[in-house]
Amino acid sequence: MQKGLFQYAFILFCRSRTALTGVLILLVSGIAGLYLGSTFINRQQAMIRKAAAMQPETTRRNIQYFGKELGTLLYHNRYTMADQPGNWAAFSNGQRDINPYIMSVSMLGLQGQLYDTDLSNPVTLLYGNIDLAFVFIFLFPLVIIAFTYNLWSAEKESGVWRLLHPHAERPAGILLTKLLVRIVVVFAVAWLLLLIACLYLPLPADIRLLWVFLAVSSYLLFWFALSFFVTALGRSSDFNVATLIACWVGLNILAPALVNIIVSWKYPVPEALQTVVQQREGYHEKWDKDKQVTMTRFYQHYPQFRKYSFPQDAAFSWSWYYAMQQMGDDEAASGVAAMAAKLQQRQQFANNAALFLPGIQTTLRLNEIAGTDLQHHLDFQAALQQYHENIRLYFYPFIFKGSTVKDVDWNQFGITFFRKYSTEKCWQLLSVLLFTILLSCMAWRMLRRKLTTQ
Amino acid sequence: MQITLLIAVRTWKTVLQNRAAAALTLLLGIILCIATWIGWQHFKTQQQQQQHYKSIVREQWESKPDKHPHRMAHYGYLVFRDKHELSFFDFGIEQFAGVSIFLEAHKQNTANFSEAGFSNGMLRFGELSVAMVLQLLVPLLIFFLGFNSIAAERESGALKILLCQGISWRQLLAGKMLGIIGVAFTLFIPVILLTILLWAALSHWHVSADAALRLLLLVVSYAVYFIICAGIAVLVSAFSSTSRAALTTLLGCWVFFLVILPRLTQAIGARLYPSPAKIEFAAAVEADLHREGDSHNPDDPHYAQLKSSLLQQYGVDDVKKLPFNYSGYVMAEGEKISAAIYDRHQQQLIDIYERQNHFTMAAGFLNPYLAIRHLSMALTGADFTTYADFQQQAESYRYQLAQRMNSLQMKYISNETPAANDKPAAISHDHWKEMPDFTFHFRKTGQVLPTQTATITALLGWLVLVLAGVQLASRFVKTL
């Protein structure tokens, strides 16, 4: 009996215009999102290839123009690190349009270079890109609402319910079957899109796929649960759709917008400006100080270079110059640490808020898995900092020894890549599941009560 | 006319008597008040923070000891992007644009530290500002209030009775629309008055005439926008057979035009007019620089020629005998060439961005939301043009700073290089104060409006369309 009911409900639903339109909207926008997201990442990959090709060429040209003195060449020559997007980044572009993904830094003070941005149109950043994650987060819930808002009310409003209700063995079963049909259809579309993404991007079948699968599924289930709960209140179709749209606006627009403005108001980042001021001052004031001051501090930082002396009487020497540059970074250290702490606070706040907002939770986790979130960029910055340090450590002895450009093997400074992804915070998806279970239970109890009092 | 007004008043009363509608309206009003307050607090925090660092930068600049002017040119200056006092109303691109630029000789740096760079992606969901509520949520409210304005009368059969009583379709539609507009304004007018009052109070009643004019234009623009939304709601309701159909159509339109289409439009614009990435831009600038001449390369033909013509002009055989500092002269020449090349490329880049944005602004003819969004950003000084102005003014300040230091070098620094162990050449620190501080100048309203002809025309076009629709709809709508 139940199986037959399901089949009838399924056929009935699939023949409705709502079902066809909804599925079509999801498929078209999903594929469009996949296409737009992947062209965006493809362009970044093309730029990285270009940068990789340009790197030896610019080094060669720098040697040609500035190769007379090692100090001058090091002043001009830059070393490149690229934040190589994985294929998942095309699925969820995240912050990759805002944060720079190719960084070229010279041996000068890092803090003066680390925060340089890429060129971008702020209006384009404001509107944001469309990717598959956007379709999952914003559009799927709307289609779920469209599919389920009149699950019960339509039957009641058309009078069918009154005829059906007294004869049905389990009236709730009818509603559950109808809900199940819609869940099956929406999940079929969602999984189909995931499958297309896997083949098109392509995505490796690893733990990340499993997490994305879980994230998307639990998010969709959450919306079904919410929808079902509102339906179970037994009110009119108009009430249901208005309430559900209000929920959607509240959860996906209003609450995040409120959290955003609170974050940027409660946790401003003046430390960023402080860092720049400290770095600039820390370096430039050394020109007006006794050289010994700079060198003493430099030797304190790098005791291993104490064995090299520096020309005390000369008005200028490269060892002194680069030691001054180092002082800029050293004196900005407190600002850097304060900024890092502030950014952690911000992320903490956002992560806590996300526990109550499934849309944000899912977005943050998808970005985390795709390696397109803020933490990923901070890790990239840290990797760049390490790379810069290695370059400094490599060249300091050459500078102290007064080596020439020829003494260095320049071929070793090709582009370097940063690749990383994390699934560390994915357990937070439990909050979405928890809400889903809670809402389902509430919906079920509500439905039972409404049915018995009828 | 009287009948129209009567219908309007009755519609207005029925809507406001509806408990759910009243609750929604009240809720939105509260959200608007919160948005105003938080927006202002945020604006003030940011502004204070920038003022603080601006004064530190100035203080440090003036307190530098005697130095070689070229050292000062490299010490450079840090400038901050001012926020317009109305930006609390509409954040526009504020959070996505860099707030500070480091200005130094020879080199144009990017504007860094945008709020978006410190955000972990939640910013993508939008921000709570007065403008966001007015642009996005008020239309939704209007749709909720207006979807059954005609369709429900049709369903209940009241429509037939009304029309039989000698009320014309035109009067009915106009009355319903006026009623819905009335409800929207019942919410809008007190809130906007409150916003103005709060703004004036928070800025200690020091309100410039230009800002007041901008705000007035904003109020008018939003009023037009709401009329358009109310018109659409009534028309959709009139053409839908049931109020459910009207509601789903309106909600579908809202989602499509206000959530999906804006992203899609800008994404298409950005792909139609591709802009260079930084490495491409830098490579193009560098290629042009090498073509024009390289001031660092002593064998460069451009500078070799410059040198020989100088020697000839002053009748000397060595640059050291010139009556001014030769390397200062070369750097001034180099700065002139490189700045001109950079400006040319920067202008091309800005043009590409403008074209991308104009694509979206032109889409305002299809989607009034895009029109009001861009117009609102422009009026609150939070649009792309203001940002481009900032970059341009900062670059011109940078150029003046570098050239001032070069001319100081030409005037006061000897051509004889001090011996290796001598004190380096320097000039008095009194010169530093002579360099004025950077101040950003916002455009006057009169200069803002010409950049917005497309959006203003689009809004007015929609207004005419909706009003004409209400007039003409009577020919096409069905009573049953």
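Quick note: structure is the one above.
Fair warning: this is a prediction, and the values are worked out from it, not measured in the lab. Counting restarts for each chain: residues are numbered from 1 in the order of the written sequence. All chains are assigned letters beginning with A, and all ligands numbers beginning with 1, in the order in which they are written. Reporting in this predicted model follows two pLDDT cut-offs: at least 70 for local features of residues, and 80 or more for side-chain atom pairs to be given and counted; totals over whole chains, interfaces and linings ignore these cut-offs and use all residues. Water and hydrogen atoms play no part in the side-chain values, which are based on all heavy atoms of the structure.

Engineer: Give a description of the overall build of chain B that names residues and reports values.
Structural biologist: Helix and strand definitions follow DSSP, with helices as H or I runs of at least four residues and strands as E runs of at least two, each counted in order from the N terminus. Across its full length, chain B holds 17 helices and two strands. Taking 480 residues into account, the globule formula puts the C-alpha radius of gyration at 23 Å, and chain B, at 30 Å, lies well above it. A principal-axis box enclosing the C-alpha atoms of chain B has dimensions of 105 × 45 × 40 Å. When each of the 480 residues of chain B is scored for burial, the buried share is 57%. Across chain B, every contact between residues at least 6 apart in sequence was considered, and the portion connecting residues at least 24 apart equals 83%. To measure how exposed things are, a 1.4 Å probe is used in the Shrake-Rupley method; for residues, cover is taken only from the protein chains shown. For chain B, the accessible area works out to roughly 20100 Å², and carbon and sulfur atoms hold 63% of it. With the radius of gyration taken over C-alpha atoms, the globule rule is written as 2.2 Å times the number of residues to the power 0.38. Burial classes: relative accessible area under 20% of the type maximum marks a residue as buried, over 50% as exposed, and values in between as partly exposed (1.4 Å probe, protein chains only). What makes two residues a contact is simply this: any of their non-hydrogen atoms within 4.5 Å.

Engineer: I'd like to hear about the overall build of chain A, residue by residue, with values.
Structural biologist: Helix and strand counts for chain A stand at 18 helices and three strands. Since a compact globule built from 454 residues should have a radius of gyration of about 22 Å, the 29 Å found for chain A marks it as more spread out than a globular shape. Its C-alpha atoms give chain A principal-axis dimensions of about 105 × 40 × 35 Å. For chain A, buried positions account for 58% of its 454 residues. Looking at chain A alone, contacts between residues at least 24 apart form 85% of all its contacts between residues at least 6 apart. Only carbon and sulfur atoms are counted for the fraction: they give 63% of the accessible area of chain A, which is about 18700 Å².

Engineer: Lay out the environment of Thr-385 of chain B with the relevant residues and their values.
Structural biologist: All names here are of chain B. Topologically, Thr-385 is positioned in helix α14 (residues 384–412). Distance from Thr-385 to His-302, taken between C-alpha atoms, is 36 Å for residues 83 residues apart in sequence. The contact partners of Thr-385, leaving out residues within four places of it in the chain, are Glu-354, Arg-443 and Thr-451.

Engineer: Help me get a handle on the interface of chain B and chain A, residues and values and all.
Structural biologist: Listed per partner, the contact involves 100 residues of chain B and 91 residues of chain A. Just to be clear on terms, a salt bridge is a Lys or Arg side-chain nitrogen sitting within 4 Å of an Asp or Glu carboxyl oxygen. Remark: the boundary between chain B and chain A carries nine salt bridges. A salt bridge links Arg-244 of chain B to Asp-238 of chain A, with the shortest nitrogen-to-oxygen separation between them at 3.9 Å. N or O atoms within 3.5 Å of each other form a polar contact, as long as, within protein, one can give a hydrogen and the other can take it, and as long as residues adjacent in sequence are counted only when both atoms are side-chain atoms. For the interface between chain B and chain A, the tally reads 39 residue pairs in polar contact (both at pLDDT 80 or more). If you tally residues by element for the side of chain B that touches chain A, the top one is helix α9 (residues 243–272) of chain B, at 16 residues. Three classes are used, and their members are as follows: Ala, Val, Leu, Ile, Met, Phe, Trp, Tyr, Cys and Pro are nonpolar, Asp, Glu, Lys and Arg are charged, and the others, Gly among them, are polar. By residue class, the composition of the side of chain B that touches chain A is 54 nonpolar, 30 polar and 16 charged.

Engineer: Run through the pairing of strand β1 (residues 77–80) of chain B, naming residues and quoting values.
Structural biologist: Residue and element names in this part refer to chain B. Here β1 shows two buried faces, one formed by Tyr-77 and Val-79 and the other by Leu-78 and Phe-80. Judged from the four bridges that link them, β1 and strand β2 (residues 100–103) form a sheet pairing that is antiparallel. Its bridge partner being in β2, Tyr-77 is matched across the sheet by Leu-103. Whether two strands pair depends on DSSP finding at least two bridges between them.

Engineer: Which residues make up the packing of helix α7 (residues 169–202) of chain B against helix α17 (residues 453–472) of chain B, and what values go with them?
Structural biologist: Residues and elements named next belong to chain B. Interaxial angles span 0 to 180 degrees and are taken between N-to-C directions of axes, which are lines fitted to C-alpha atoms, for helices over the stretch in contact. Relative orientation of the contacting elements α7 and α17 amounts to 140°, with a least axis distance of 8 Å. Comparing their axes, α17 and α7 come out oblique. Contacts between α7 and α17 pair Arg-170, Leu-173, Ala-174 and Met-177 from the former with Val-466, Leu-467, Val-470 and Gln-471 from the latter. Residues that form the contact of α7 with α17 fall into these classes: six nonpolar, one polar and one charged. Oblique is the label for any angle not under 35 degrees, not over 145, and not in the 65 to 115 range, which are roughly parallel, roughly antiparallel and roughly perpendicular in turn.

Engineer: Tell me about the packing of helix α8 (residues 209–239) of chain B against α9 of chain B, and please be specific about residues and values.
Structural biologist: Residues and elements named next belong to chain B. Direction vectors running N to C along α8 and α9 enclose 140°, while the axes themselves pass 9 Å from each other. Between α8 and α9, the angle falls in the class oblique. The way α8 lies across α9 gives a crossing that is right-handed. Every residue of α9 that contacts α8 at Tyr-225, Ile-232, Ala-233, Val-236 and Ser-237 is listed here: Ala-246, Thr-249, Leu-250 and Leu-258. If you view the pair so one helix is near and one far, a crossing is left-handed when the near helix is turned anticlockwise from the far one by less than a right angle, and right-handed when it is turned clockwise.

Engineer: Residues and numbers for the sheet that holds strand β2 (residues 102–106) of chain A, please.
Structural biologist: All names here are of chain A. Strand order in the open sheet made by the three strands is β2-β1-β3, with mixed pairing throughout. The open sheet has two free edges, formed respectively by β2 and β3 (416–418), since each of these has just one partner strand. Direction aside, the axes of adjacent strands within the sheet are offset by 25° on average. Taken strand by strand, helix α2 (residues 17–66) contacts β1 (78–83), β2 and β3, and its axis lies near 170° from that of β1. Each of β1, β2 and β3 touches helix α17 (residues 374–401); the most contacted strand, β1, lies at about 155° to it.

Engineer: Lay out a nonpolar patch on the surface in plain terms, naming residues and giving numbers.
Structural biologist: Residues and elements named next belong to chain A. Every patch collects residues that have over 30% relative accessible area and no salt bridge, joining them within 9 Å if they carry like charges and within 5 Å if they are nonpolar side chains (Val, Leu, Ile, Met, Phe, Trp, Tyr). Residues Trp-191, Ile-207, Leu-210, Phe-213, Leu-214 and Tyr-421 make up a contiguous nonpolar surface patch of about 540 Å² in total accessible area. Considering each element in turn, the nonpolar patch owes the most residues, four residues, to helix α10 (residues 207–232). Within the secondary structure layout, Trp-191 lies in helix α9 (residues 171–200).

Engineer: Lay out the pattern of salt bridges with the relevant residues and their values.
Structural biologist: Pairs can form between side chains of opposite charge once their charged atoms are near each other. All names here are of chain B. For the coordinates displayed, the defined rule picks out 36 salt bridges over all chains. Across the pair Glu-335 and Arg-398 runs a salt bridge whose closest N-O atoms are separated by 2.9 Å. Taken together, the residues Glu-335 in helix α12 (residues 326–362) and Arg-398 in helix α14 connect sequence positions 63 residues apart. Here Glu-335 and Arg-398 have matching classes, each one buried.

Engineer: An account of the packing of aromatic side chains is needed here, citing residue identities and associated values.
Structural biologist: By convention, a stacked pair of Phe, Tyr or Trp rings (six-membered ring in the case of Trp) has centres within 6.5 Å and planes under 30 degrees apart, an edge-to-face pair has planes over 60 apart, and any other such pair is tilted. Throughout the structure, instances matching the rule amount to 72 aromatic pairs over all chains. Between the aromatic rings of Trp-61 of chain B and Tyr-75 of chain B, the centroid separation amounts to 6.2 Å while the plane-to-plane angle is 20°, which identifies the pairing as stacked. Residue Trp-61 of chain B is located in helix α2 (residues 19–62), and its partner Tyr-75 of chain B is located in helix α3 (residues 69–75); the two are separated by 14 residues in the primary sequence. Looking at Trp-61 of chain B, the relative accessible area reads 0%, which means it is buried. Relative accessible area serves as the criterion here: at 0%, Tyr-75 of chain B is assigned to the buried category. Among the aromatic residues, those joined into a cluster by ring pairs are Trp-40, Phe-43, Phe-88, Phe-89, Phe-185, Phe-188, Tyr-222, Tyr-225 and Phe-226 of chain B. Consider the ring centre and the ring normal. A charge sits over the ring if Lys NZ or Arg CZ is within 6 Å of that centre and within 35 degrees of that normal. Cation over ring: Lys-156 of chain A sits above Trp-152 of chain A, and NZ or CZ is 4.0 Å from the ring centre. Directly above the ring of Trp-320 of chain A sits Lys-291 of chain A, whose terminal nitrogen or CZ lies 4.7 Å from the centroid.

Engineer: Quick rundown of helix α15 (residues 333–354) of chain A? Include the residues and the values.
Structural biologist: All names here are of chain A. Taking 1.5 Å per residue as the helical rise, α15 with its 22 residues ought to reach 32 Å, and the 31 Å between its terminal C-alpha atoms agrees with that figure. If you check which residues of α15 are buried, you get Gly-335, Met-339, Lys-342, Leu-343, Arg-346, Gln-347, Ala-350, Asn-351, Ala-353 and Ala-354. The inward-facing, buried residues of α15 abut α11 (237–266), α12 (270–284), α16 (358–370), α17 and α18 (430–453). Residue count minus one, scaled by 1.5 Å, sets the expected span of a helix.

Engineer: An account of α7 of chain B is requested, with residue identities and associated values reported.
Structural biologist: A rise of 1.5 Å per residue sets the reference length of α7 of chain B, with its 34 residues, at 50 Å; its end C-alpha atoms lie 48 Å apart and thus fit the reference within 8%. For α7 of chain B, the principal kink sits at Phe-185 of chain B and spans about 30°. The quantity called bend is, for any residue, the angle between two axes fitted respectively to the seven residues ending at it and the seven beginning at it.

Engineer: How would you summarise unusual backbone geometry if you had to cite specific residues and measurements?
Structural biologist: Apart from glycine, the bulk of residues carry a negative phi angle, and the bulk of peptide bonds sit in the trans form. Here the bond from Leu-201 of chain A into Pro-202 of chain A is cis, since omega is -20°, no more than 30 degrees from zero. Within the secondary structure, Pro-202 of chain A is located in the loop between α9 and α10. Residue His-106 of chain B is not a glycine yet carries a positive backbone phi of 65°. Counting through the fold element by element, His-106 of chain B comes out in the loop between β2 and α4 (130–146). Positive phi is not limited to glycine here, since Phe-113 of chain B has a value of about 65°. We classify Phe-113 of chain B as buried; its relative accessible area is 9%.

Engineer: Could you give an account of a positive patch on the surface, naming the residues involved and the relevant values?
Structural biologist: Residue and element names in this part refer to chain A. His is not counted, nor are the chain ends; Lys and Arg add positive charge and Asp and Glu add negative charge. All charge positions are set by atom: Lys at NZ, Arg at CZ, Asp at CG, Glu at CD. The grouping of Arg-235, Arg-445, Arg-449 and Lys-450 at the surface amounts to a positive patch. By the element assignment, Lys-450 lies in helix α18. Lys-450 gets classed as partly exposed once you look at its relative accessible area, which sits at 30%.

Engineer: Can you explain the nonpolar core? Please cite residues and give values.
Structural biologist: Across soluble globular proteins, you tend to see nonpolar side chains buried next to one another. Within this scheme, the nonpolar core is defined by two criteria: the residues are buried Ala, Val, Leu, Ile, Met, Phe, Trp, Tyr or Cys, and they are joined through side-chain atoms within 4.5 Å. Counting residues in hydrophobic clusters, the biggest one holds 297 residues, and the most contacted among them are Phe-395 of chain A together with Trp-254 of chain B. In terms of residue count, the dominant contributor to this core is α8 of chain B (17 residues). Setting aside anything within four residues of it in sequence, one finds Trp-254 of chain B in contact with Trp-248, Val-249 and Ile-253 of chain A together with Leu-136, Pro-139, Leu-140, Phe-143 and Val-259 of chain B. Among the nonpolar cores identified, the runner-up in size contains nine residues, and Ala-82, Tyr-101 and Ile-102 of chain A together with Ala-277 of chain B belong to it.

Engineer: I'd like a description of the side chain of Asn-406 of chain B, backed by residues and values.
Structural biologist: Residue and element names in this part refer to chain B. Positionally, Asn-406 belongs in helix α14. Residue class for Asn-406 comes out buried when judged on its relative accessible area of 3%. There is a polar contact of 2.9 Å between the side chain of Asn-406 and the side chain of Gln-403. Contacts of Asn-406, omitting those with residues within four sequence positions, involve His-70, Gly-328, Met-331, Ala-332 and Glu-335.

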